[in-house]
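Observations on chain architecture
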Amino acid sequence: MRTHADLLHLYGTLVEMLKAAEGRRTPHGRDRDGADVSGTGEPVTEALKTDMQIQFTDQKQELHKRTSNTGHRSLSRSTSQCSTDSCGSVGSGSSEDESSPRDKPQKTYEGLSDFCIKNIKQAEFGRREIIIAQKEMPALMVLRKGAAGEKPLAGAKVLGCTHITAHTAVLIETLSVLGAECRWAACNIFSTQNAVAAALAEGGTPVFAWKGESEDDYWWCINQCVGADTWQPNMILDDGGDLTHWIHTKHPSLFKDIKGIVEESVTGIHRLYQMSKAGGLFVPAINVNDSVTKQKFDNLYSCRESVLDGLKRTTGVMLGGKQVVVCGYGEVGKGCCAALKALGAVMYVTEVDPICALQACMDGFRVVKLIEVARQVDVVITCTGNKNVVGREHLDRMKDGCILCNMGNSSSEIDLGSLRTAELRWERVRPQVDHVVWPNGKRIVLLAEGRLLNLSCSTVPSFVLSITATTQALALIELYSAPEGRYKQDVYLLPKKMDEYVANLHLPTFDAHLSEVTDEQAKYLSISKHGPFKPNYYRY
């Protein structure tokens, strides 16, 4: 236990330290007014306070001068620049020209011009991001090594419409290694990483996409990608169904040579089933979205990590103690709820499915109707894949500052049409962040204009996307190489054996060692020793 003398000694040492610090701050032991404070008996702490106040005043005056000289516009632009740089990939910030590149011809180093992107000069930055992503996508690298002797997609001409990110770039270039020719457009106007698009174009893949497309640009890019007059596709890889819909309505003759469609989103699958039911599906399709490897890994684990990234990058909000309602408790909703609960958020769930609702209850979440909690919640997240889940009646009840975003694939979950009216004012705060202002001054913070939050405003883990991308690649190989008559004009799920193969390719990353089934055990369960280990009806 320290004595009184010890404490006095410590105090004296502290005073000497403060004197030393003061001496370093003002040469020859004098403050800014020239008064000697080293030997006059004036308390050193008072001198320090005075000096700090003078510095703070000088800093405020300097800041005021800079603000006055540059004006409000420059200050706002600086804020937006920082926000965008934190949201996008390298080379895709808001400092770029925001005009459309449609009328700006560009060429690659080798003279190729069959593409339309923001800036081909960003290719080197994009290539670095692709290389980083490859390290976390082991299964696709295995597929590439396996293609050294054979090219299972030789002769395939793949039209793709997905998010254009470093992860999908690894998939696209893997398809090329497997023998395919590819043309690509983006399925989301906000998710394209411009530098990655440049790297793909420089590598010889025709790409038509850039971050921040208008609706008109979006459909123009898809049409350019199709290239019906110059290029005949025989496979489609879609995310959301827009590419399939465009070909179906604008270029139906192309289907005569198309062998199949691979679709990965709940929205696109819904469209395919509708087409099949109406007799309008002209080719076989594989439903990747409902494969085990997509549902249980991409939808759950990817969203569990990326929802927080999207919210933090766009708003910087502290989520502990906030009241959050997640609409939908499928795999995406489960991932979002788990992440937000871990940060201390007070969680509510809305559901129409009694099974999912019961799961939410058993996981410790209150299941409510949105209208019941709309006035009190701080954050609303949609994860249903449905339409108008959040309507004007909910929006009118939301409190000032409520954050509204979508983690489902479709941008139709929030009724944006009801917000584009004369009495409501939209203010762009920063890229992908809008304030919708009511006449009484209430503001709703809308993220990514209701589009997919994680891919529009942040990134998703490369490893979990490796699982989905590998599943997509194998689905393309299956449809392309299938003998005539194996698949009819309908929607199919991947064989269970293929799901297990995808999972197996990723286990070495964790140094995981599978147990083996004995002959006796295999006979007892009526399964093969080599799988599949579960029947098709099994729910993981």
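Right, let's walk through the structure included here. Counting starts from 1 at the beginning of each chain's written sequence and moves along it residue by residue. The model is predicted, so local features are restricted to residues of pLDDT at least 70 and side-chain atom pairs to those at 80 or more, both for listing and for counting; the totals for chains, interfaces and linings are taken over all residues. Only hydrogens and water are set aside; all other atoms, that is, all heavy atoms of the structure, feed into the side-chain values.

Looking only at helices and strands, one finds 18 helices and 15 strands in the protein chain. By residue count, 49% of the 540 residues in the protein chain fall in the buried class. All accessibility values rest on the Shrake-Rupley procedure with a 1.4 Å probe; residue burial counts only the protein chains present in the view. Within the structure as shown, the protein chain displays about 27,000 Å² of accessible surface, and the carbon and sulfur contribution to it stands at 54%. Secondary structure is summarised from DSSP: a helix means a run of H or I of at least four residues, a strand means a run of E of at least two, and numbering begins at the N terminus for each. Accessible area is worked out with a 1.4 Å probe on protein chains only. A residue is then buried under 20% of its type maximum, exposed over 50%, and partly exposed in between.

In this description, a line fitted to the C-alpha atoms serves as the axis of each element, helices being fitted only across the stretch in contact, and the angle between N-to-C directions of two axes falls anywhere from 0 to 180 degrees. Where helix H4 (residues 138-146) meets helix H16 (residues 462-481), the closest approach of the two axes is 7 Å, and the angle between their N-to-C directions is 40°. Residue-level inspection shows Pro138, Ala139, Leu140 and Leu143 of H4 in contact with H16, the latter providing Phe463, Ser466, Ala469, Thr470, Ala473 and Leu474. Of the residues belonging to the contact of H4 with H16, the class tally is eight nonpolar, two polar and no charged. A contact between two residues is defined here by any heavy atoms of the two lying within 4.5 Å. Classes in brief: Ala, Val, Leu, Ile, Met, Phe, Trp, Tyr, Cys and Pro nonpolar; Asp, Glu, Lys and Arg charged; the others, Gly included, polar.

Spatial ordering of the open sheet is given by S3-S2-S1-S4-S5-S6-S15, a layout of seven strands whose pairing is parallel. Only two strands of the sheet have a single partner each, and these edge strands are strand S3 (207-208) and strand S15 (491-493). Direction of pairing for strand S6 (residues 285-287) relative to S15: parallel, over a ladder of three bridges. Its bridge partner lying in S15, Ala285 is registered against Val491. Helix H7 (residues 215-226) rests against strand S1 (157-162), strand S2 (181-186) and S3 of the sheet, and its axis sits at about 170° to S2. Strands in contact with helix H9 (residues 266-277) are strand S5 (260-263), S6 and S15; relative to S5, the strand with the most contacts, it is inclined by about 145°. One requirement defines pairing of two strands: DSSP has to find at least two bridges between them.

Throughout, the protein atoms alone are placed on a 1 Å grid, and a set of points is a cavity if a 1.4 Å probe fits but cannot get out or a pocket if it is open with protein on both sides within 12 Å along at least five of seven lines; lining residues have an atom within 4 Å of a point. Grid points are joined across faces, edges and corners, and a volume is the space filled by probe spheres set on the points. In this structure, the second largest pocket occupies an estimated 940 Å³ of space. Together, 29 residues line the second largest pocket, and Glu500, Ala503, Asn504, Leu507 and Leu514 are the ones closest to its centre. Counting residues per element, the ones that place at least two in the lining of the second largest pocket are helix H10 (292-315), H16 and helix H17 (496-506). By residue number, the principal contributor to the lining of the second largest pocket is H17, which donates eight residues.

Turning our eyes to something else, we now look at unusual backbone geometry. Going from Gly531 to Pro532, the amide bond is cis rather than trans, its omega being 0°. With respect to the helices, strands and loops of the structure, Pro532 is situated in the segment after helix H18 (519-525). A positive phi is found at Gln432, a non-glycine position, where the angle reads about 70°. Tracing the chain through its elements places Gln432 in the loop between strand S12 (425-430) and strand S13 (433-437).

Turning our attention to the sheet that holds strand S10 (residues 379-382). Sheet strands line up and pair through hydrogen bonds in the backbone, either parallel or antiparallel. An order of S9-S8-S7-S10-S11-S14-S13-S12 is seen for the eight strands of this open sheet, with the pairing classed as mixed. This sheet does not close on itself; its edge strands, each paired only once, are strand S9 (366-367) and S12. Across four bridges, the pairing between strand S7 (residues 323-327) and S10 is parallel. Across the sheet, the residue bridging to Val325 is Val380, located in S10. In the packing of helix H11 (residues 331-342) onto the sheet, the strands contacted are S7, strand S8 (346-350) and S10, and the crossing angle to S7 comes to about 170°.

A few words on helix H3 (residues 123-135). For a helix, the expected span equals 1.5 Å multiplied by the number of residues minus one. Taking 1.5 Å of rise per residue, the 13 residues of H3 would be expected to cover 18 Å, and the 19 Å separating its terminal C-alpha atoms lies within 8% of that figure. Considered for burial, the residues of H3 that qualify are Ala123, Gly126, Glu129, Ile130, Ala133 and Gln134. The buried residues of H3 occupy one face: seen down the axis, they fall within an arc of 145°. Seen from the buried face of H3, the exposed residues on the opposite side, beyond 90 degrees, are Glu124, Ile132 and Lys135. The secondary structure elements touched by the buried residues of H3 are H4, helix H5 (166-177), helix H6 (194-202) and H16. Arc definition: it is the arc formed by the directions from the helix axis to the C-beta atoms.

Moving on to the pairing of S7. Of all the five residues making up S7, four are buried; the element is thus mostly covered by neighbouring parts of the structure. Direction of pairing for S7 relative to S8: parallel, over a ladder of five bridges. Directly across from Cys327, in S8, lies its bridge partner Thr350. Here the term right-handed applies to a crossover when the path leading from its first strand over the helix to its second strand runs clockwise, the strands being oriented away from the viewer. For the crossover from S7 across H11 to S8, the handedness is right-handed.

Bringing the pairing of strand S4 (residues 235-238) into the picture now. Covered by surrounding structure in S4 are Met235 and Leu237 together with Ile236 and Asp238, the residues of both alternating faces. Relative to S4, S1 is paired through four bridges, and the arrangement is parallel. Across the sheet, residue Gly160 finds its bridge partner in S4, namely Leu237. Relative to S5, S4 is paired through four bridges, and the arrangement is parallel. Following the sheet pairing, Leu237 is matched in S5 by Val262.

Looking now at empty space enclosed by the protein. By the definition in use, this model includes two cavities of 30 Å³ or more. Considered as a void within the structure, the second largest cavity measures approximately 40 Å³ in volume. As for the second largest cavity, its lining consists of Asp238, Gly241, Thr244, His245, Glu263, Gly268, Arg271, Leu272 and Met275. Residue assignment for the lining of the second largest cavity shows that the elements contributing at least two residues are helix H8 (242-250) and H9. Element by element, the count of residues in the lining of the second largest cavity is highest for H9, at four residues. Among the residues making up the lining of the second largest cavity, the classes are represented as two nonpolar, four polar and three charged.

Let us now look at the packing of H4 against H17. The interhelical angle for the contact between H4 and H17, taken along N-to-C directions, is 105°, at an axis separation of 8 Å. In terms of axis orientation, H4 runs roughly perpendicular to H17. Contact residues: Pro138, Ala139, Val142 and Leu143 in H4; Tyr501, Leu505 and His506 in H17. Considered class by class, the residues forming the contact of H4 with H17 number six nonpolar, one polar and no charged. For classification purposes, angles smaller than 35 degrees are called roughly parallel, those larger than 145 roughly antiparallel, those between 65 and 115 roughly perpendicular, and all remaining angles oblique.

Ring pairs shown here join Phe, Tyr and Trp side chains whose ring centres sit within 6.5 Å, with only the six-membered ring taken for Trp; geometry is labelled stacked below 30 degrees between planes, edge-to-face above 60, and tilted in between. A complete count under the given rule lists eight aromatic pairs for this structure. A centroid spacing of 5.8 Å and a plane angle of 65° characterise the contact between Tyr329 and Phe365, whose relative ring orientation is edge-to-face. Here Tyr329 is found in the loop between S7 and H11, whereas its partner Phe365 is found in the loop between helix H12 (354-362) and S9, with 36 residues between them in sequence. The exposure classification of Tyr329 matches that of Phe365, with both residues buried. Pairing Phe463 with Phe510 gives two aromatic rings, centres 5.3 Å apart and planes at 85°, and the pair type is edge-to-face. Here Phe463, found in helix H16, pairs with Phe510, found in the loop between H17 and H18; they are 47 residues apart in sequence, far enough to count as distant. When its relative accessible area of 15% is taken as the criterion, Phe463 is described as buried. Connected via pairs of aromatic rings, a cluster forms that spans Tyr218, Trp219 and Trp246. Looking at Lys250, its charged tip hangs above the ring of Trp246, at a distance of 5.4 Å from the centre. The residue whose ring lies beneath Lys341 is Phe365, and the NZ or CZ to ring-centre distance is 5.1 Å. The criterion for a charge sitting over a ring is simple: Lys NZ or Arg CZ within 6 Å of the ring centre, and within 35 degrees of the ring normal.

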